[in-house]
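# Overview (structure and organization)
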Amino acid sequence: MAKLDPILHQELRLSIVSFLVNVESADFKKLLEVTKASKGNLSVQISKLQEAGYLKVKKTFKGNYPHTRCSLTAKGRTAFEGYIQELKGLLGI
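We now turn to the structure provided with this report. (Residues numbered from 1 in each chain as written. Predicted model: local features only at pLDDT ≥ 70, side-chain atom pairs only at ≥ 80, totals over all residues. Heavy atoms only, no water.)

The next subject is the nonpolar core. By size, the foremost hydrophobic cluster in this structure holds 22 residues, and its most contacted members are Leu8, Ile16, Leu20, Leu31, Ile46 and Leu55. Every element with two or more residues in this core is listed here: helix H1 (11–20), helix H2 (28–35), helix H3 (39–51), strand E2 (55–62), strand E3 (65–72) and helix H4 (74–91). For this core, the element with the highest residue contribution is H1, accounting for four residues. Beyond its immediate stretch of four places on either side in the chain, isoleucine 16 contacts Leu31, Thr35, Leu42, Gln45, Ile46, Leu49 and Leu55. (Core = buried A, V, L, I, M, F, W, Y, C linked by side-chain atoms within 4.5 Å. Buried < 20%, exposed > 50% of the residue type's maximum accessible area, 1.4 Å probe, protein only. Helix = DSSP H or I, 4+ residues; strand = E, 2+ residues; numbered from the N terminus. Contact = heavy atoms within 4.5 Å.)

What follows is the structure, given as C-alpha cells:
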C-alpha cells in the first residue's frame with residue numbers, strides 16, 4: 001500500500017502547499033486569508049514545511065512591520081506531485 005508523505009498529510013500544511021503550487025509566492029497575510037488558520041498555527045506549519053525543505057521563506061520589513069513571503073521549492077513541488085499521485089493510486093484513478 002502507498003505511504004502518504006506525513007509532512008503533506010496534515011490539513012493545514014497541505015492547504016499551504018496546495019495554494020503555493022499555483023502561485024509564484026504569497027505573503028503571510030495572504031496565507032492567513034486563504035487557509036483561515038490562526039497566526040500561531042500558520043507560523044508553526046510554515047516552519048515545519050521550511051524545515052522539510054518544501055518552502056523557501058523570506059523575512060523582510062515593510063516600514064517597521066515584519067513581512068514574511070513564502071514560495072514552494074523544487075523539492076516541495078516534487079513532494080506535492082508525488083503526494084497527489086499516491087492519492088490517485090489509493091483511489092484507483
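Nonpolar side chains collect at one region of the surface, where Leu90, Leu91 and Ile93 lie side by side and expose about 350 Å² of accessible area between them. Its place among the elements puts leucine 91 in helix H4. (Patch = residues over 30% accessible without salt bridge, like charges linked within 9 Å, V, L, I, M, F, W, Y side chains within 5 Å. Areas by Shrake-Rupley, 256 points an atom, 1.4 Å probe, with all protein chains shown as cover. Salt bridge = Lys/Arg side-chain N within 4 Å of Asp/Glu carboxyl O.)

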